[in-house]
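Listed below, chain by chain, are the residues.
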Amino acid sequence: MTDKLKFFSQEWCDDAREAVNANPDMLAGFKDPSSFTNKIEFGVIGRDDVASHLEFKEGKIISFSPRVFDQSELWLIINGSFQTWQTAAAGEEEGGKLLMKGQIKFAKGPMSAAIENADALNAFLRTWGQIPTDWDV
C-alpha cells in the first residue's frame, strides 16, 4: 500500500502532475488548450504556508510544486479550504459549483477563466482524488 503524501508537498505535486497530464478529460475541457499557457497558484484558505504553483504550457502541466513563482508572475490565484479541495478531489461536488457557492475563491485573475475552462477545472480537481493524500498538513 502506498503511503499517503502531504497535500501540496513536492512528492504529491509530482504524482498529481503525472495523473493530471494523463487525464484526457482535462485537456479536452479547455476552451483552447493550445493557448492555455499560464502560471497558477492553488492555496489553502487560512494556511498561507500551504500552496502550490503550476505552470501550464499549451494545456499541459510542465511544473507543479510548492510555491516557486513571484506573485507578479501568476495569472490566477485560487484558494479553498482543505475540506473544499478534498470534496472536489473525491468528486463529491464539481469545482464550478464550489466556486459558485464561494467555497473556491479567486484571489487574482479573471473569473472568466474558470467559466471558459470549467470542464478542465473539474477534471483537474477530480484527478487529485487519484493521489493518496494526507489532508492533515
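Further up the page is the structure itself.
All values derive from a computational prediction rather than experimental measurement.

Thresholds applied
- Residues numbered from 1 in each chain as written.
- Predicted model: local features only at pLDDT ≥ 70, side-chain atom pairs only at ≥ 80, totals over all residues.
- Heavy atoms only, no water.
- Helix = DSSP H or I, 4+ residues; strand = E, 2+ residues; numbered from the N terminus.
- Polar contact = N/O pair within 3.5 Å; in protein donor to acceptor, adjacent residues only side chain to side chain.
- Contact = heavy atoms within 4.5 Å.
- Pairing = 2+ DSSP bridges.
- Axes fitted to C-alpha atoms, helices over the stretch in contact; angles between N-to-C directions.
- 1 Å grid on protein atoms, 1.4 Å probe; cavity = no way out; pocket = protein on both sides within 12 Å on 5 of 7 lines; lining within 4 Å.
- Points joined across faces, edges and corners; volume = space filled by probe spheres on them.
- Nonpolar A, V, L, I, M, F, W, Y, C, P; charged D, E, K, R; others polar.

Engineer: Requested: an account of the side chain of His53, with residues and values cited.
Structural biologist: Relative to the elements of secondary structure, His53 occurs in strand E3 (residues 47-57). Here the side chain of His53 touches Val68 through a polar contact of 3.0 Å, landing on its backbone nitrogen. Once residues within four sequence positions are removed from consideration, His53 is found in contact with Ile40, Glu41, Ser63, Phe64, Ser65, Pro66, Arg67, Val68, Phe69 and Leu74.

Engineer: Summarise the sheet that holds strand E6 (residues 104-108); cite the residues concerned and give the values.
Structural biologist: The sheet built from five strands is open, its strands ordered E4-E3-E2-E5-E6 with mixed pairing. For this open sheet the edge positions go to strand E4 (60-66) and E6, each flanked by a neighbour on one side alone. Neighbour-to-neighbour, the strand axes of this sheet turn through a mean angle of 25°, independent of strand direction. In terms of strand pairing, strand E5 (residues 76-80) meets E6 through four bridges, oriented antiparallel. Bridging from a neighbouring strand, Asn79 pairs with Lys105 of E6. Contacting E3 and E4, helix H1 (residues 10-21) crosses the sheet at an angle of about 165° to E4. Sheet strands touched by helix H6 (residues 118-127): strand E2 (39-44), E3, E4 and E6. Its angle to E2, the strand with the most contacts, is close to 55°.

Engineer: Describe empty space enclosed by the protein, and please don't skip the residues or the numbers.
Structural biologist: Counting across every chain of the model gives one cavity of 30 Å³ or more. Looking at the largest cavity, it is lined by 16 residues, and the ones nearest its centre are Phe30, Phe36, Ile40, Leu76 and Leu121. Contributing elements (two or more residues each) for the lining of the largest cavity: E2, E5, helix H5 (111-116) and H6. When residues in the lining of the largest cavity are grouped by element, the largest group, three residues, is from H6. Of the residues in the lining of the largest cavity, the class split is 15 nonpolar, one polar and no charged.

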